[in-house]
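Structural overview for review
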Amino acid sequence: MKTMTILAFVLLFTLSPENTHCRQTVSVRPDLSRSQNIGQWDLDGTGSWRIDAGKLILSKAGTPSGPIRRPAALAILKTKLLRRVTVEADIRSTASPDVARRDLDVIVGYEAPTRFYYIHLAAISDDVHNGIFLVNNADRVRIDSGKGKPQLTDFSWHRVRVERDGRSGRIAVYMDGSRIPVLEAADTTIVRGRAGLGSFDDTGEFRRIAITGSSR
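Residues numbered from 1 in each chain as written. Predicted model: local features only at pLDDT ≥ 70, side-chain atom pairs only at ≥ 80, totals over all residues. Heavy atoms only, no water.

1. Points about the overall build of the protein
On a plain count of helices and strands, the protein comes out with 0 helices and 16 strands. A burial count over the protein gives 48% of its 216 residues as buried. Approximately 10,400 Å² of the protein is accessible, and the part contributed by carbon and sulfur atoms is 50%. (Helix = DSSP H or I, 4+ residues; strand = E, 2+ residues; numbered from the N terminus. Buried < 20%, exposed > 50% of the residue type's maximum accessible area, 1.4 Å probe, protein only. Areas by Shrake-Rupley, 256 points an atom, 1.4 Å probe, with all protein chains shown as cover.)

2. What about the nonpolar core?
Grouped together as the largest cluster of nonpolar side chains are 39 residues, with contacts concentrated most on Leu-56, Ile-119, Val-160 and Ile-209. With 4 residues, strand β7 (residues 84-93) is the single largest residue contributor to this core. Core analysis: the next-biggest nonpolar cluster, separate from the first, contains 10 residues, Leu-74, Ile-107, Phe-116 and Phe-200 among them. (Core = buried A, V, L, I, M, F, W, Y, C linked by side-chain atoms within 4.5 Å.)

3. What to know about the pattern of salt bridges
Considering all chains together, one arrives at 16 salt bridges under this definition. When the shortest N-O distance is used, the salt bridge between Glu-205 and Arg-92 registers 3.0 Å. Residue Glu-205 is located in strand β16 (residues 204-214), and its partner Arg-92 is located in strand β7; the two are separated by 113 residues in the primary sequence. Across the salt bridge formed by Arg-115 and Glu-111, the nearest N and O atoms sit 2.6 Å from each other. (Salt bridge = Lys/Arg side-chain N within 4 Å of Asp/Glu carboxyl O.)

4. Here we look at the environment of Ala-73
In this fold, Ala-73 is placed in strand β6 (residues 73-77). For the pair Ala-73 and Asp-44, spaced 29 residues apart in the sequence, the C-alpha separation amounts to 5.9 Å. Leaving out residues up to four positions away in the same chain, Ala-73 has contacts with Asp-44, Gly-47, Trp-49, Leu-58, Gly-62, Leu-197, Gly-198, Ser-199 and Phe-200. (Contact = heavy atoms within 4.5 Å.)

5. Some points on the side chain of Asp-144
When you line up the elements, Asp-144 lands in the loop between β11 (141-142) and β12 (158-165). Within the structure, Asp-144 has its side chain in polar contact with the side chain of Arg-142 (distance 2.7 Å). With residues near it in sequence (within four places) discarded, Asp-144 still touches Asn-130, Gly-131, Ile-132, Leu-183, Glu-184 and Ala-185. (Polar contact = N/O pair within 3.5 Å; in protein donor to acceptor, adjacent residues only side chain to side chain.)

And the structure:
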C-alpha cells in the first residue's frame, strides 16, 4: 500500500447527546516536508508561495488590486467549512527593515475571495494596521477596538493562536503564550469558513501550523 504523507488529517466523528446529528471535528497539521504539498493550499492573490525546509513561505509579496481593498496574498488550507476553529502557527516577517508597516495575517471564516475575516499583525497600530478585519464583498472593515499593541515589531519567530466561534462571533488572538487576548472582536456576518495564512502586501514564513475545529 502506498503511504500518502501529503497532509496529516485526523477526522473524528462523535455523536452529540442532544440530537442524532454527527459532529465532524477536524485536526490538521499540514505536511511542510515536501514542496509538492503546496497543492494542499488554495493560493488566493498575487503573491508567490512555496514549501521548503519545513516552512510555508510567502517569498514574493502580493500587490493589492481589484474592486475592493483586501490582503493580496493568502494561502487557505483545503478543509471543510468550519464554524469553530483554532489556528496556531509560528510566524516570522521577512519584509525589508525599511518597511515600517510590515504585516502578517491569519485568516478565518474564509468563504470566498471577497468574504472572510483576517487578523492583521503589524509593526504599528493605526486605522488599518494591527487589528481584526472583515471583508464582506466590500473594502475591509475593522471590527476590533483598534487599541491593541503592535505585535510584529521585529523579525523573530512568534507563536500565534487564533480562536474563532462562528455562532457567538468571537475572535480572540493570543501571541507568544499570552493568557489574555492581544486582539479581540465579535461579529457574526460569516458563520463558517476555512482558515489560512498570508499578508496584506509583505513577505513572511510560517511553520508548525495546526488547524483544529468543527463544522457544527
